[in-house]
Every structure is written in structure tokens, then in C-alpha cells.
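Analysis of the macromolecular model
Listed below are the residues making up each chain.
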Amino acid sequence: MDKLFAVLHVESWTEFWWVTFGLFGQLMFTGRFLVQWIASERARKSVVPLAFWYFSMAGGVILLAYAIYRKDPVFVLGQSLGVFIYARNLWLIHREGRGDA
């Protein structure tokens, strides 16, 4: 475990699980690009599917929690703005009745 902790730059199991949580958030965030890319390839034009915004929100919230735990003000600020933007887009999409977009 010492080598794994060294690679991840953690010193406790609590930090290890936070890093694991943060990596999961990053995977969610990366997944949104895959969803968007696949949808665009299928449509043969640029498409932003509803799932893109849900992946964005999930990844953003997880990464924001991770940034708060790490006490990183730059990361917190960046993720806070992103989460607001993702929430706003979801609100606009659902208000317009495009829940299947």
C-alpha cells in the first residue's frame, strides 16, 4: 500500500478514498465528451445530448466536493462556476420541454 499511497500522493485511507472519489468525478466529466462525440458522429453534425449535461453536472459536483476537501480555491472556483452553468442549462432544457434532447 505504501507504493500506491506514494503514487497517489496520499498519507491515509481517508485521503485515498477522496482521491478515488475525485478520479471517479473526472471519469464522469470525461464521459460527457464521449457521449457528445458519439451523438455527433451518429447525427453527422454537432449535437449536445441531454446526457452531456447530466454527466457534466455529476462530474462537476463530485469534483467540487473533492476540491473543497483538498481546500484548493482555484479548483473550487472553477468547478463552482461550471456546476452553476450545467444546472442552468438543465433548467432551460427542462423548462422548454426538451427533456428528451
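Refer to the structure printed above.
Keep in mind the model is a prediction, meaning the values are calculated, not measured. (Residues numbered from 1 in each chain as written. Predicted model: local features only at pLDDT ≥ 70, side-chain atom pairs only at ≥ 80, totals over all residues. Heavy atoms only, no water.)

Counting ten residues, the largest nonpolar core is built from Phe29, Leu50, Phe52, Trp53, Met57, Leu63, Val83, Tyr86, Leu90 and Ile93. Contributing elements (two or more residues each) for this core: helix H3 (50-70) and helix H4 (73-96). Here the element with the most residues in this core is H3; it accounts for five residues. If near-sequence neighbours (up to four positions away) are discounted, Tyr86 is found in contact with Phe29, Arg32, Trp53, Ser56 and Met57. One finds Phe5, Val10, Phe16 and Tyr66 within the second-largest nonpolar core, a separate group that totals five residues. (Core = buried A, V, L, I, M, F, W, Y, C linked by side-chain atoms within 4.5 Å. Buried < 20%, exposed > 50% of the residue type's maximum accessible area, 1.4 Å probe, protein only. Helix = DSSP H or I, 4+ residues; strand = E, 2+ residues; numbered from the N terminus. Contact = heavy atoms within 4.5 Å.)

The next point concerns the environment of Phe21. Note on placement: Phe21 falls in helix H2 (residues 13-43). For Phe21, a relative accessible area of 33% corresponds to the partly exposed category. Sequence-distant contacts of Phe21, that is, excluding residues within four places in its chain, are made with Ile62 and Ala65.

Quick look at the packing of H2 against H3 now. At a minimum axis distance of 8 Å, the contact between H2 and H3 shows a crossing angle of 155°. With respect to their mutual orientation, H2 and H3 come out roughly antiparallel. Crossing of H2 against H3: the hand is left-handed. Looking at the contact of H2 with H3 residue by residue, the classes come out as 17 nonpolar, nine polar and three charged. (Axes fitted to C-alpha atoms, helices over the stretch in contact; angles between N-to-C directions. Parallel < 35°, antiparallel > 145°, perpendicular 65-115°, else oblique. Left-handed = near helix turned anticlockwise from the far one by under 90°. Nonpolar A, V, L, I, M, F, W, Y, C, P; charged D, E, K, R; others polar.)

For the rest of this paragraph, the subject is unusual backbone geometry. Unlike most non-glycine residues, His9 shows phi in positive territory, near 60°. For His9, the position within the fold is in the loop between helix H1 (2-8) and H2. One non-glycine residue, Lys71, adopts positive backbone phi at about 60°. Looking at where Lys71 falls in the secondary structure, it is placed in the loop between H3 and H4. Taking the relative accessible area as the measure of exposure, Lys71 reaches 71% and is therefore exposed.

Spanning 24 residues, H4 covers 35 Å between terminal C-alpha atoms, matching the ideal 34 Å at 1.5 Å per step. The backbone nitrogen of Val74 lies 3.1 Å from a side-chain oxygen of the residue at the head of H4, namely Asp72. Positive phi appears at Gly97, one or two residues downstream of H4, with a value of about 85°. (Expected span 1.5 Å × (residues − 1). Polar contact = N/O pair within 3.5 Å; in protein donor to acceptor, adjacent residues only side chain to side chain.)

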